[in-house]
Amino acid sequence: MASMTVEFFKVVLKNSANDGEEDYKIIKSIFDEIKKKSTIHSNYKSIDLSPEIEPNSVEPKEVMDFFEDENYLFGRACRKKLNNAMLKRDYQTLQADEVFTDAESRKQGIEVFTFFLYDYKKGIVSIVNAKGAPGTKALGKAIETYTSEYKLEFHNIPNEEGIRVLYNSESPQISKLEFEVPTPDAEFLQSVLGLDEEVIREMIQDDVFSTSISLKPIPYGKLSRKKETVRNILDVLFKRKGNFSKTVVRGSSEKFNSRNFDLNAKMFTYPIDVKTYRTEYGKKVNYNLQDVVEQFRVGLHKAYEENYDLIVGIADR
C-alpha cells in the first residue's frame, strides 16, 4: 500500500490578451471543446499536451487522459521518462537490458503519472502529489495548447487558513497533539527522560537528530472540548511552532470530522492510500491499471468531498 497526499488549488481563468480575470465557470465548456479534439479509447480519451514535440524526439512528451465522471473532470496527467534512465531485468537470470530498443522507443514510452479531480462548479482542483508527474501545470497547458483565448492560474489552499477554520468554529475539539523537537539539548532530554547527566552526555555525543512527543487522551476521549481552551492552545502553538520541526493538531468541529492540521506545512493536504496489490489464496496479485484508476478516483473524491466545506471556505468560492 502506498500512502500519497492530495493537494488542493483554487483555479483562476485569465484572458490571454489582457490578463483580465474571466468567469471560471466557463472552464467546463472549454474542456468540453478540448475533449472533442481528443483520441478516443475504450474507456478514456487522450490529448497530446506537447504536439510541438515529435513522437520520435528524445524530449519527453506529455499526455492527458480523461475518464468519465458524473460530477467532475477526472483525469490523468502523464510525462514520458527517458528510455536510457530505466532498466528491464529478468529476475531469474538477473540480466539487465534496455526497456525498448531505439526503434521501439520512437513510438512507445514509459510514463510517470498523477491523477486530478476538477470541480467545475467551484473551480477547485485536487491533485495527487507524484514526483516527476506534470502537476497542475498540465491543466494550464491543455487550455493554452487547445485554445488561444485563455490561460489558468493556480492558487494553493494555505494550511494556516485551514487551522483557522478549527479556531473559529463554535464547537472545536482537540483529540491529539504531536511535536517534533529538532536537535534536543542535554537539559531537555534529562528533564524528559530523567536519566543521569553522564548517560545523557553519552547519548548526544553523535547528536540526537530529533525527539517526538505525542499527547493523547484516553480512548475515545478529547484533550479539550472547550472553545476558549482550544483557542488558547492554538494561540500558543501559532507563536511557538517555529520551535518545532513538526506541529500537528488533530481536531474536529461541528463543520467537519476529525482530521490532522500540520502547522508547519505551507499547503493544506490530505492523505490517500493506493494499493498496488491484493492477496488471493495467500498469494500477492498486482492490481491492473483500471483497478488503480478506480482507486485514484475514489481517493480523490473522498479527499475533496470530506474537506469540501473547509476548502471552499478558504478559497472563498
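This is a predicted model, so every value here is computed, not measured.

Participant: Could you clarify how one ought to interpret the overall build of the chain in this entry?
Facilitator: For the chain, the count of helices and strands is 9 helices and 18 strands. Looking at the chain as a whole, 40% of its 317 residues are labelled buried. A separation of at least 24 residues holds for 67% of the contacts in the chain among residues at least 6 apart in sequence.

Participant: Looking at this structure, I do not really get the packing of aromatic side chains. What am I missing?
Facilitator: Each aromatic ring pair is specified by the distance between its two centres and by the angle formed by the two planes. Enumeration over the complete set of coordinates arrives at 15 aromatic pairs. On the numbers, 5.5 Å between centres and 40° between planes, the contact of Tyr 44 with Phe 67 is tilted. Of this pair, Tyr 44 sits in the loop between β3 (39–40) and β4 (45–48) while Phe 67 sits in strand β5 (residues 62–67), and the two are 23 residues apart along the sequence. Assessed through its relative accessible area of 5%, Phe 67 is described here as buried. Judged by centre distance (6.5 Å) and plane angle (35°), the ring pair of Phe 261 and Phe 268 falls under tilted. By relative accessible area, Phe 261 is classed as buried at 0%. In this structure Phe 268 comes out as buried when scored by relative accessible area, which is 2%. Members of the aromatic cluster, connected to one another through ring pairs, are Tyr 44, Phe 67, Phe 74, Phe 113, Phe 115 and Phe 296. Lying over the aromatic face of Tyr 44, Arg 76 brings its terminal NZ or CZ to 5.5 Å of the ring centre. Arg 317 extends its terminal NZ or CZ atom over the ring of Tyr 24, reaching a point 3.8 Å from the ring centre.

Participant: How do you make sense of empty space enclosed by the protein when you look at a structure like this?
Facilitator: Picture a little ball the size of a water molecule; that probe, rolled over the atoms, points out where space is still empty. Per the stated rule, a full pass over the model turns up 1 cavity of 30 Å³ or more. Put simply, the largest cavity is a space of about 30 Å³. Lining the largest cavity we find Val 11, Ile 27, Phe 31, Tyr 118, Leu 139, Leu 152 and Phe 154. Elements represented by at least two residues in the lining of the largest cavity include exactly α1 (27–36) and β11 (150–156). Among the residues forming the lining of the largest cavity, the class breakdown is 7 nonpolar, no polar and no charged.

Cut-offs applied
- Each chain carries its own residue numbering, running from 1 in the direction its sequence is written.
- Only residues with pLDDT of 70 or above have their local features reported here, since the model is predicted, and side-chain atom pairs are shown and tallied only from 80 upward, although totals for entire chains, interfaces and linings are computed over all residues.
- For the side-chain quantities, the full set of heavy atoms in the structure was used; hydrogens and water were omitted.
- Labels follow the DSSP assignment, with helices taken as runs of H or I lasting at least four residues and strands as runs of E lasting at least two, numbered in each case from the N terminus.
- Categorising residues by exposure relies on relative accessible area from a 1.4 Å probe, with only protein chains included: less than 20% of the type maximum marks a residue as buried, more than 50% marks it as exposed, and the intermediate range marks it as partly exposed.
- Two residues form a contact once any of their heavy atoms are found within 4.5 Å.
- When the centres of two rings from Phe, Tyr and Trp lie within 6.5 Å, Trp using its six-membered ring, the rings pair. Their planes under 30 degrees apart give stacked, over 60 give edge-to-face, and anything left gives tilted.
- Over a ring means this: the NZ of a Lys or the CZ of an Arg is within 6 Å of the ring centre and within 35 degrees of the ring normal.
- Cavity means a closed set of points on a 1 Å grid over the protein atoms alone, one where a 1.4 Å probe fits but cannot get out, pocket means an open set with protein on both sides within 12 Å along at least 5 of 7 lines, and lining means a residue has an atom within 4 Å of a point.
- Grid points are joined across faces, edges and corners, and a volume is the space filled by probe spheres set on the points.
- Polar here means any residue outside two lists: the nonpolar Ala, Val, Leu, Ile, Met, Phe, Trp, Tyr, Cys and Pro, and the charged Asp, Glu, Lys and Arg; Gly therefore counts as polar.

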